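The primary structure of each chain is shown beneath.
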Amino acid sequence: MARALASAVEDPVQRLRLRVRGSVQGVGFRPFVYRLARTMRLTGFVLNDSAGVLIEVEGTCASRFAEAVRVQAPPLARIDSVDVLEMDAAGGELFEILESVRGQAATRIGADAATCAECRRELTDPQSRFFGYPFVNCTHCGPRFTITGALPYDRRQTSMAAFPMCAACRADYADPESRRFHAEPVACPDCGPELSHPVGEIAARLLKGEIVALKGIGGFHLFCDAHNDAAIDLLRLRKARDQKPFAIMVRDIEAARLVANLTAVEEGLLKSSARPIVLVEGLDGLSNLIAPGLTRIGLMLAYAPLHHLLFDALAQRLRDGPAALVATSANPGGEPLVASNDDAVRRLAGIADLIVTHNRDIAVRADDSVMQVIDGAPSFLRRARGFVPEPVDLGEDGPCVIATGADLKNTVCITRGREAFLSQHIGGLDNAEAIRFQQETVAHLCSILDIRPDYATCDLHPDFRSVRMAESLGLPLVAIQHHLAHIAAVVAEHHVTEPVLGLALDGHGYGADGGSWGGEMLMVDGHRWQRLGSLSPLPLPGGDRAAREPWRMGVAALRAAGRIDLAPKLWPGHPGVAHLEAMFARGMQPARTSSLGRLFDAAAAVSGLCLVQSYEGQAAIEFEALAESPHCLPEGYSIVDGMLDFRPLIVHLAERQLCGVSASNLFHGTLIAGLVDWAACGASQAGTSKIMLGGGCIVNRILAEGLANALRNLGLEPLLPRMIPANDGGIALGQAAFARQVIKNDRGHVEENPKCA
């Protein structure tokens, strides 16, 4: 009796109100709270509203409830904060789930998630009503972002509004004990979406060597057999994709281990609910046409119910090991991903032998995300399905800004409070379809965030289409230099508030002086920045053509080094080389560039690796693939007045006509050594130990890891992009973050549309 009285004193009845913010709608949060409250014998309620999830609990265990919510949350929930307010006891006997409350949204929906283990089990269980159903899902998995038009995340706001629930699905949807309680995409064969073709037919056509366009979660894939050279060759021909690597999809992690040599971190990424494409070291067994000239392949696991059913059907027909499928985005001619049925018929009829559709609309398209492991941790090449719209925390509140990114690998970014929402990959803004997609993306982000931006920010380039988009918004405009945005993105992600040194290692970017930048050393301090140095500029003969034809940069680098006499020996009989050599002799003075990307092109050209590129970055990617044990040519570079000059290295490669592995090892090793020496000098000048590494060249794993390790050995602190791509896909975040610093410190001037240059 004494113990019972003591317990009553220690645990008085309390009523607490909890405000839970984050990605907490559509992930089974309310039924989780319902079950937790009942287990703890608490009364009260839970509901969704525009700010997230609102909970009131009352009872003797109320004080322990908040911590339990944080620790035991559902797998797809992302909790940003739990605010607790004590209230007067109100009594009551029940804990209830109440209807959602509308208002201006301050919460967010979750990203699309791969099919969970329970749904996969039901797919193969003949006793389940979801047996063989290609759209099975629950609150732990399935589409979210790609089917949602607006918040709150309720069925009527999604593509599932067109499918009234049958009695069985309605019962699951209304049952707090079911994992389908308020799972907005819930459906079954009696009431849900339907596939246009039987799965068995799809499998049979693939094994016959045909190309299949298959509608998925965020758009259409083009599939073919990854063991069939003829099918892959035909896909390359029809898609006009001569050499750019394709991604591969396999059934599960066991199948992945048969086609690739995987690290533990890579396996974790492959198995994550986001199911990205992961760049991994390939093993023998797949067609050599998948990734010509490369040692790594892009690999992903099946992530939608339809994928699992398809691999089951293929397994029944194969006897020589697990199936592997080429799985590439269905976007002919560099256009955005195809997402609608009508669009698929119009744009894919000349590519696919079979077009498989379904009648659940894709509200917003999203490509597969692409990742790799750099310096022991995940790193993005493309951020889209599975991660968008998860925000980047900027660490502090600020004005609502929309950033329109760059013209290549375009993304847009909108800030709300302390959060930055980077859109899914849009792509190159060089066609009308892509520009429309960008406009759709801006409208959709504003809708699901329920905001109207106060400011816009964009690149400095006077001819960028992304700049035209920013100007069309009619908002006060801040223009941010391209490479500054690369560094600002890394600063923002890592919440650095002190002065930093940034190495922006990139292709072309419009410089503050109107020139072509791309290998820059910047000092950044809040809203202030300074260019401390750059790579020694090289001629850029032909302008943009030089990026497509590396031989031009090879000739230009030799000309800049005073050794153009080597050009005829390296490329005998090449008419373009002879013509360019003659033009230089007549006094031609082309524009110059400090771009590291163009230096890569020059090195690849003089090494005989790649004279003409069939896809962006091909020369650098193939050069990276050859590197095994980088080593330095000590006299291969010099640093004078902040200029880092690699012309001696280019001449050395040309004189000895080094090629293949030896050229790649020497180039990467010397490049790393020179950049590290340069950064150490800059860090001393700037009075900082923090080195931000950004720009498209940082997706080069050999370069990024070599820089990071060498900088750490000098006692410096390198920081790499982790939550956003290092390439132009992360530019919009940097624009938005730096523009907020400018607005905060110079609000009056911003109204006159300044340029941060």
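Per an unreviewed UniProt entry, the chain goes by the name Carbamoyltransferase HypF and belongs to Rhizobium gallicum. Under the UniProt heading Sequence similarities (unreviewed entry), the note attached to the chain is "Belongs to the carbamoyltransferase HypF family."

Caption draft 1: Region of interest: the domain arrangement of the chain. Looking at the chain, the domain boundaries give domain 1 (14-97), domain 2 (199-370), domain 3 (391-478 + 726-744) and domain 4 (533-719). Across the contact, ten residues belong to domain 2 and eight residues belong to domain 4. Roughly 720 Å² is buried in total at the junction of domain 2 and domain 4, and carbon and sulfur atoms are behind 49% of that figure. The interface formed by domain 2 and domain 4 holds two salt bridges in total. Glutamate 624 is the salt-bridge partner of arginine 296, the closest N and O atoms lying 3.5 Å from each other. Here domain 2 and domain 4 share two residue pairs in polar contact (both at pLDDT 80 or more) between them. Classifying every residue of the side of domain 2 that touches domain 4 by side-chain character gives three nonpolar, three polar and four charged.

Caption draft 2: Spotlight on the nonpolar core. With 118 residues, the main nonpolar core has Leu310 and Leu733 as its most contacted residues. It is helix H24 (residues 731-745) that provides the largest number of residues to this core, a total of nine residues. Split by domain, this core shows at least three residues from each of two domains, domain 2 (199-370) and domain 3 (391-478 + 726-744). Beyond its immediate sequence surroundings of up to four residues, leucine 310 is in contact with Val199, Ile202, Ala203, Leu206, Leu214 and Leu325. The next biggest cluster of nonpolar side chains, apart from the first, holds 62 residues, and it includes Leu535, Leu558, Trp571 and Leu671.

Caption draft 3: How the structure looks around the UniProt feature "domain: YrdC-like" (unreviewed entry) in the chain. Per the UniProt record, "domain: YrdC-like" (unreviewed entry) is annotated on residues 196-386. This span, residues 196-386, is 29% helix and 25% strand, and a straight line between its end C-alpha atoms measures 25 Å.

Caption draft 4: Expanded view of the pairing of strand S18 (residues 413-416). Alternating positions in S18 separate into two faces, Cys413 and Thr415 on one and Ile414 and Arg416 on the other, with burial throughout. Where strand S17 (residues 401-403) meets S18, two bridges bridge the pair, whose relative direction is antiparallel. Its bridge partner being in S18, isoleucine 402 is matched across the sheet by isoleucine 414. Counting the residues between successive antiparallel strands, the hairpin from S18 to strand S19 (residues 419-422) contains two residues, one of them, glycine 417, with a positive phi of roughly 65°.

Caption draft 5: Structural detail: unusual backbone geometry. In this model, valine 388 is joined to proline 389 through a cis peptide bond whose omega is 15°. One can find proline 389 in the loop between strand S15 (377-382) and strand S16 (392-393). Positive phi, normally seen in glycine, also occurs at aspartate 450, with a value near 55°. Structurally, aspartate 450 is set in the loop between helix H12 (432-449) and strand S20 (455-459). We note that histidine 495 has phi near 55°; this positive angle belongs to a residue other than glycine. Tracing the backbone shows histidine 495 in the loop between helix H14 (482-493) and strand S22 (500-510). Look at histidine 495 and you get partly exposed, because its relative accessible area is 39%.

Caption draft 6: Inspection of the sheet that holds strand S1 (residues 14-23) at higher detail. Read across the sheet, five strands follow the order S4-S1-S3-S2-S5 without closing on themselves; strand pairing throughout is mixed. Each of the sheet's edge strands pairs with one partner strand only, and the pair in question is strand S4 (78-87) and strand S5 (95-97). Averaged over neighbouring strand pairs, the angle between their axes works out to 15° when direction is ignored. Both S1 and S4 contribute to a ladder of nine bridges, which runs antiparallel. In the sheet register, serine 23 faces S4, and the bridge partner there is arginine 78. Packing of helix H2 (residues 29-39) onto the sheet brings it into contact with S1, strand S2 (43-49), strand S3 (52-59), S4 and S5, and relative to S5 it is tilted by some 170°. In the packing of helix H3 (residues 62-72) onto the sheet, contacts are made with S1, S3 and S4, and the angle to S1 comes to roughly 15°.

Caption draft 7: Examining the environment of threonine 457 more closely. Among the secondary structure elements, threonine 457 is positioned in strand S20. Relative accessible area serves as the criterion here: at 0%, threonine 457 is assigned to the buried category. Those residues in contact with threonine 457 that sit more than four places away from it in its chain are Val401, Ile402, Ala403, Thr404, Ala470, Leu477, Val478, Ile480, Gln735, Ala736 and Ala739. A distance of 2.7 Å separates a polar side-chain atom of threonine 457 from the backbone oxygen of valine 478.

Caption draft 8: Main features of the packing of aromatic side chains. Applying the stated criterion across every chain, the model contains eight aromatic pairs. On the numbers, 4.8 Å between centres and 85° between planes, the contact of phenylalanine 380 with phenylalanine 387 is edge-to-face. This pair shows no difference in class: phenylalanine 380 is buried, exactly as phenylalanine 387 is. For the pair tryptophan 517 and tryptophan 529, a centre-to-centre distance of 6.5 Å together with 65° between the ring planes defines the contact as edge-to-face. Taken together, the positions of tryptophan 517 in strand S23 (residues 516-525) and tryptophan 529 in strand S24 (residues 528-535) put the pair twelve residues apart, joining distant regions of the chain. With respect to class, tryptophan 517 is no different from tryptophan 529; both count as buried. Among the aromatic residues, those joined into a ring-pair cluster are Phe600, Phe623 and Phe667. Residue placement shows arginine 180 over the ring face of phenylalanine 130; its charged tip is 3.9 Å from the ring centre.

Calculation notes
- Residues numbered from 1 in each chain as written.
- Predicted model: local features only at pLDDT ≥ 70, side-chain atom pairs only at ≥ 80, totals over all residues.
- Heavy atoms only, no water.
- UniProt positions renumbered as here; feature names shortened; annotations may be inferred.
- Domains from an automatic or database assignment.
- Contact = heavy atoms within 4.5 Å.
- Buried area = accessible area lost by both parts, 1.4 Å probe.
- Salt bridge = Lys/Arg side-chain N within 4 Å of Asp/Glu carboxyl O.
- Polar contact = N/O pair within 3.5 Å; in protein donor to acceptor, adjacent residues only side chain to side chain.
- Nonpolar A, V, L, I, M, F, W, Y, C, P; charged D, E, K, R; others polar.
- Core = buried A, V, L, I, M, F, W, Y, C linked by side-chain atoms within 4.5 Å.
- Buried < 20%, exposed > 50% of the residue type's maximum accessible area, 1.4 Å probe, protein only.
- Helix = DSSP H or I, 4+ residues; strand = E, 2+ residues; numbered from the N terminus.
- Pairing = 2+ DSSP bridges.
- Axes fitted to C-alpha atoms, helices over the stretch in contact; angles between N-to-C directions.
- Phe/Tyr/Trp six-rings, centres within 6.5 Å; stacked < 30°, edge-to-face > 60°.
- Lys NZ or Arg CZ within 6 Å of the ring centre and 35° of its normal.

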